[in-house]
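Examination of the molecular architecture
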Amino acid sequence: MGMLSFLTGRTFPRGVHPPGLKEATRDQAIRRLPFAPRLVLPLAQHFGKPSRPVVKRHQEVVRGQVIAEADGFQSVPLHAPVTGVVEGIELMPTARGPKTEAILLRTLPGDSQAVRWSSPRDLSGLSREELIRAIQAAGLVGQGGAAFPTHLKYAVPEGHGVDTLVVNGCECEPYLTTDHRIMVEQAQEVLAGIRLALRAVGADQALIGVEDDKPDAIAALQAQIGPDDPIAVRKVKAKYPQGSEKMLIKALLKREVPSGGLPFQVGVVVNNAGTMAQLGRLLPLGEGLIERVITVAGPGVERPGNYRVPVGTPLRYLLEHVGFRGDDASHLILGGPMMGNTVSSLDVPVTKAVSGLVVLPQAQADAAPETIHPCIRCGRCVEACPVGLNPAELGRLAAKRRYETMQERFHLSDCFECGSCAYVCPANIPLVQYFRIAKALNRERLS
């Protein structure tokens, strides 16, 4: 099948246009961060069951070695990001506060830190099932932030044929340029990953959605597409939240994922561009995911950039290398400012899911929040919501603690917490926080 046509101008209804704030990092090449003297490796770095440790205290491990195995099909293994010594397995803080079990690994000083645990192989003869098992063995999870195990996306339930692989190269969050730089600098690996993913999922074609403000990424990807590749780059409008998988499916294919449904129900699997780059590099080498690229940016950073960081690197160590000093974690947002989360502690590590770290200045972090006013029913949140919900009504129901009604009559579960409603609200109502609380209480009620 020849290369599909290149089209432009695609988007989805509604959405918002926050400032990009990417100038400081979008043209900066990826740089490698030095290895921290001590890594913290949570066993729960992905959606599904946590990994099961296979090492013990004082054990020496080499870079790339499996240190925790997958605990069933809905889990992935964890590999050693450095050659070092296991200090123990302890409860450690997470970004959201509660502690979780983690392997503590002390880096051996003076070691070359070459990957010493790998099994290169020819992938051409592998069946679809064998490819899926190999992807699981690599510990691959989505690099866009959700950390859903990649092999689970490809294990599509029977009766749901997938015809299209959609590759998300939008990166619409302010500040973040991780995927942008990966597409520019690692386009060959992105395309290699796409070819493997097409085989694993059994799709006929791949569409790479890239926002129209990334012409260098579009050019780099197009240069790697062969005449027989069933792959096309499709330019989409730069708008938030264009990178949401349901919005991107609508923009590229005009297909509507049903309420409460998943992309495979409309014949689609969606992967992040960074995930494709990891897949294209790791699988032929027979290696595991031990590092990732993240953007570190924001007014509080002296040396913003895109850094290749070993998984498990404490934020405190990372921040020392980008010019942030202090012990106050309230300045920090993991991910982007629209959907990211504030950090509970500087001892929280970079995990497989972390795509960026936004650092705010002291004055901005300490500023008193603007006053919350009553809803004036202006309708701006309704006009902005990309999935067509009524955030104002949901907010009023949340204030009355009518959480069940929010779900049963107003489709609360379809909200993916993009923050568009709160962004445009002139009353400064923290709608997303209300919705998160309502979802959590509904889950608790049903458990």
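Conventions we followed
Residues numbered from 1 in each chain as written. Predicted model: local features only at pLDDT ≥ 70, side-chain atom pairs only at ≥ 80, totals over all residues. Heavy atoms only, no water. UniProt positions renumbered as here; feature names shortened; annotations may be inferred. Buried < 20%, exposed > 50% of the residue type's maximum accessible area, 1.4 Å probe, protein only. Contact = heavy atoms within 4.5 Å. Helix = DSSP H or I, 4+ residues; strand = E, 2+ residues; numbered from the N terminus. Core = buried A, V, L, I, M, F, W, Y, C linked by side-chain atoms within 4.5 Å. Domains from an automatic or database assignment. Pairing = 2+ DSSP bridges. Axes fitted to C-alpha atoms, helices over the stretch in contact; angles between N-to-C directions. Buried area = accessible area lost by both parts, 1.4 Å probe. Salt bridge = Lys/Arg side-chain N within 4 Å of Asp/Glu carboxyl O. Polar contact = N/O pair within 3.5 Å; in protein donor to acceptor, adjacent residues only side chain to side chain. Nonpolar A, V, L, I, M, F, W, Y, C, P; charged D, E, K, R; others polar.

Points about the UniProt feature "binding site: [4Fe-4S] cluster 1" (unreviewed entry) in the chain
Per the UniProt record, "binding site: [4Fe-4S] cluster 1" (unreviewed entry) is annotated on C375, C378, C381 and C425. Across 51 residues of sequence, these annotated residues stay compact in space, with a maximum C-alpha separation of 10.6 Å. What makes C375 partly exposed here is its relative accessible area of 36%. Not counting residues up to four positions away in its chain, the partners in contact with C375 are A392, R396 and I429. Within the element layout of this structure, C378 appears in the loop between helix 9 (362-366) and helix 10 (380-384).

Some points on the nonpolar core
Counting 83 residues, the largest nonpolar core has Y154, I194 and L318 as the members making the most contacts within it. It is helix 4 (residues 187-201) that provides the largest number of residues to this core, a total of 9 residues. Built from parts of two domains, this core gets at least three residues from each of domain 1 (2-28 + 141-285) and domain 2 (34-118 + 293-365). Those residues in contact with Y154 that sit more than four places away from it in its chain are R128, I132, I135, A197, A200, V201, V269, N271, M276 and L279. The next biggest cluster of nonpolar side chains, apart from the first, holds 19 residues, and it includes L394, Y403, I429 and A438.

Structural notes on the UniProt feature "binding site: [4Fe-4S] cluster 2" (unreviewed entry) in the chain
Here, UniProt's "binding site: [4Fe-4S] cluster 2" (unreviewed entry) annotation points to C385, C415, C418 and C421. The greatest C-alpha distance among the residues just named is 10.6 Å, despite their covering 37 residues of sequence, which places them together in space. Here C415 is to be found in the loop between helix 12 (403-408) and helix 13 (420-424). Contact partners of C415, with chain neighbours within four places excluded, come to L389, F435 and K439.

Looking at unusual backbone geometry
Look at the link from Y240 to P241: it is a cis peptide, with omega at 0°. By the secondary structure assignment, P241 is in the loop between strand 11 (231-236) and helix 6 (245-253).

What about the sheet that holds strand 3 (residues 52-53)?
Spatial strand order, 3-5-6: 3 strands in an open sheet with antiparallel pairing. The sheet is open, and its two edges are formed by strand 3 and strand 6 (78-79), each paired on a single side. Bridge count between strand 3 and strand 5 (residues 66-69): 2 bridges; the pairing is antiparallel. Of the residues in strand 5, the one forming a bridge with P53 is A68.

Focus: the sheet that holds strand 14 (residues 305-310)
With mixed pairing, the 6 strands of this open sheet are ordered in space as 1-14-13-17-15-16. With partners counted over all chains shown, the strands left at the sheet margins are strand 1 (31-32) and strand 16 (341-342), one partner each. In this sheet, strand 17 (residues 356-359) lies alongside strand 13 (residues 291-297) in parallel orientation, the contact comprising 3 bridges. Residue pairing for strand 17: A297 is matched across the bridge by V358. Relative to strand 17, helix 8 (residues 315-322) is tilted by about 65°, and along the sheet it contacts strand 13, strand 14, strand 15 (332-334) and strand 17.

Quick notes on the pairing of strand 12 (residues 268-272)
Regular strands place their side chains on alternate faces of the sheet. Counting buried positions along strand 12 yields 5 of 5 residues, so the element is predominantly enclosed. The two faces of strand 12 match: V268, V270 and N272 on one face and V269 and N271 on the other face are all buried. One ladder, built from 5 bridges, connects strand 9 (residues 164-169) with strand 12; its direction is parallel. Across the sheet, residue T164 finds its bridge partner in strand 12, namely V268.

Describing the domain arrangement of the chain
Each assigned domain of the chain is listed here: domain 1 (2-28 + 141-285), domain 2 (34-118 + 293-365) and domain 3 (380-446). Its C-alpha centre places domain 1 at a distance of 27 Å from the equivalent point of domain 3. The partner domain 3 presents 14 residues to the 15 residues of domain 1 that form the contact. Interface area, domain 1 with domain 3, both sides summed: about 960 Å², of which 56% is carbon and sulfur. Along the contact surface separating domain 1 from domain 3 lie 0 salt bridges. Counting across the interface, domain 1 meets domain 3 through 6 residue pairs in polar contact (both at pLDDT 80 or more). Along the lines of polarity and charge, the residues of the side of domain 1 that touches domain 3 split into 8 nonpolar, 5 polar and 2 charged.

Some remarks on helix 3 (residues 178-185)
Burial runs high along helix 3: 6 of the 8 residues are buried. Of all the positions in helix 3, only T178, D179, H180, R181, I182 and M183 are classed as buried.

Some points on the side chain of K214
Of note, K214 is situated in the loop between strand 10 (205-211) and helix 5 (215-224). Judged by its relative accessible area of 2%, K214 is buried. Contact partners of K214, with chain neighbours within four places excluded, come to G169, C170, E171, H180 and M183.

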